[in-house]
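Next come the chains, spelled out residue by residue.
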Amino acid sequence: MTPEVLLVLGAFLASSVEMVEALTIVLAVGVTRGWRPAMIGVGAACATLAVLVAALGPALTQIPLSALRVFVGAVLLVFGLQWLRKAILRAGGVRALHDEDAIYAREVALSGEKETAATGMDWYGFTLSFKGVLLEGLEVVLIVVSFGSTGGHLGLAAAGAAAALLVVGGVGALVHRPLSRVPENSMKFVVGIMLTSFGVFWGGEGVGVSWPGSDLALLGVIGFFALVALVLVTDLRRRAALTSRVTSGA
Amino acid sequence: MGLLRRVGRFWYDFLIGDDWLAAIGVLAALGLTAALTDAHNPWWLLPVAVAGVLTMSVRRAARAAGPGHAEIAPPGDT
């Protein structure tokens, strides 16, 4: 295998890992908050990246990625935790399951109060999608610049990343429809776990944590929070059953 | 509502939501992890701390709601 092929393959694989992370966030936002804000977020992040690349070029390697990871990780962590908490409370029967019809009726009654009613845009969905794609996109740019500049083959490294974009984007286009059919409350439960896990992973990386197993540790973090969430739901249901037994016995 | 107030409210709802203690808890955990990374590699600290904050937040919400108090989720609820 020639060094050029290895370079393209390396850039392809490294970029794929980052793009899969971005795709996960975009799919999560698209399925739960709607595809419009998710895709506008992707578009805005890509445009921002294009401007950054055009303006800075190889100087992009000077961007403090750790600081950006801390910021994006902290935001995702705080936001994801809220999401997961609500999903656990719903699954545990403390909070009612999401009823879109009732919410729509109430939202219309309160028109003007919410961002979506005032501007027709879901800024929550947009911001999540934008941040995820911008951070991962920047990492892809850095991968291309570092792979390409070491051997003087920036074009080949960019071709590897472009191939990764085609493959990962294609997978995203294929799976977004089946994902849309998953019940909303189940999907929100999973999304809460994913956002919290990404927040912990990126936030930890940003403040200097070295994860055992590198990027693979993300799977362990996701598994850990899935377990914690399931234990909390089981506990809430057990307490509710106990309370109702005591109440009916009284 | 003024634009500035709307923007402020959006960021407050987005970041803090309805449990400001949980938000402060996870930021403190992140800060503690950052403080310890110079001498150690405390990779386990952040997941454990966040799980603890989540457990306390869920228990507090369950206590506040009491038995049989589930309501329809508010508009814009995640």
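Placed above this text is the structure.
Residues numbered from 1 in each chain as written. Chains lettered and ligands numbered in written order. Predicted model: local features only at pLDDT ≥ 70, side-chain atom pairs only at ≥ 80, totals over all residues.

Re the overall build of chain B
Helix and strand counts for chain B come out as three helices and zero strands. Overall, chain B shows an N-to-C arrangement of helices and strands of α-α-α. Counting over 78 residues, chain B shows a buried share of 27%. (Helix = DSSP H or I, 4+ residues; strand = E, 2+ residues; numbered from the N terminus. Buried ≥ 20, exposed ≤ 12 C-beta atoms within 10 Å, placed from the backbone.)

Looking at the packing of helix α2 (residues 20-36) of chain B against helix α3 (residues 45-65) of chain B
Residue and element names in this part refer to chain B. Packing of α2 against α3 brings their axes to within 9 Å, and their N-to-C directions diverge by 165 degrees. Between α2 and α3, the angle falls in the class roughly antiparallel. Remark: the crossing between α2 and α3 carries right-handed chirality. Of the residues in α3, those touching α2 at Ala-22, Gly-25, Val-26, Ala-29, Leu-30, Leu-32, Thr-33 and Leu-36 are Leu-45, Leu-46, Ala-49, Val-50, Val-53 and Ser-57. Of the residues in the contact of α2 with α3, the class split is 11 nonpolar, three polar and no charged. (Axes fitted to C-alpha atoms, helices over the stretch in contact; angles between N-to-C directions. Parallel < 35°, antiparallel > 145°, perpendicular 65-115°, else oblique. Left-handed = near helix turned anticlockwise from the far one by under 90°. Contact = placed C-beta atoms within 7 Å. Nonpolar A, V, L, I, M, F, W, Y, C, P; charged D, E, K, R; others polar.)

Section: the nonpolar core
Counting residues in each nonpolar core, the largest one holds 83 residues, and the members touching the most others are Val-26 and Ile-88 of chain A together with Val-26 and Val-50 of chain B. When residues in this core are grouped by element, the largest group, 15 residues, is from helix α3 (residues 65-91) of chain A. Dropping the residues within four chain positions of it, Val-50 of chain B is found in contact with Leu-77, Leu-81, Thr-196 and Val-200 of chain A together with Val-26 and Ala-29 of chain B. (Core = buried A, V, L, I, M, F, W, Y, C linked by C-beta atoms within 7 Å.)

A look at unusual backbone geometry
Residue Ser-214 of chain A is not a glycine yet carries a positive backbone phi of 55 degrees. One can find Ser-214 of chain A in the loop between α8 (184-206) and α9 (217-249).

Here we look at the packing of α3 of chain A against α3 of chain B
Between α3 of chain A and α3 of chain B, the shortest axis-to-axis distance is 10 Å and the interhelical angle comes to 45 degrees. Judged by the angle between their axes, α3 of chain A and α3 of chain B are oblique. For the pair α3 of chain A and α3 of chain B, the sense of crossing is right-handed. Judged by residue contacts, Leu-77, Leu-81, Leu-84, Arg-85, Ile-88 and Leu-89 of chain A of α3 of chain A engage Val-50, Leu-54, Ser-57, Val-58, Ala-61 and Ala-62 of chain B from α3 of chain B. Here the residues of the contact of α3 of chain A with α3 of chain B are counted per class, giving 10 nonpolar, one polar and one charged.

With respect to the environment of Glu-205 of chain A
Residues and elements named next belong to chain A. Note on placement: Glu-205 falls in helix α8. Overall, the presence of 21 C-beta atoms within 10 Å leaves Glu-205 in the buried class. Along the sequence, Glu-205 and Val-70 sit 135 residues apart, while their C-alpha atoms lie 7.5 Å from each other. If sequence neighbours within four positions are ignored, Glu-205 has contacts with Arg-69 and Trp-211.

Brief notes about α3 of chain B
All names here are of chain B. A rise of 1.5 Å per residue sets the reference length of α3, with its 21 residues, at 30 Å; its end C-alpha atoms lie 30 Å apart and thus fit the reference within 8%. Looking at α3, one finds that the buried residues are Leu-46, Pro-47, Val-50, Ala-51, Val-53, Leu-54, Ser-57, Val-58, Ala-61 and Ala-62. Looking straight down α3, one finds that the buried residues subtend no more than 165 degrees of arc, so they occupy a single side. Just past α3, the residue Gly-66 takes up positive phi, approximately 70 degrees. (Expected span 1.5 Å × (residues − 1). Arc of directions from axis to C-beta.)

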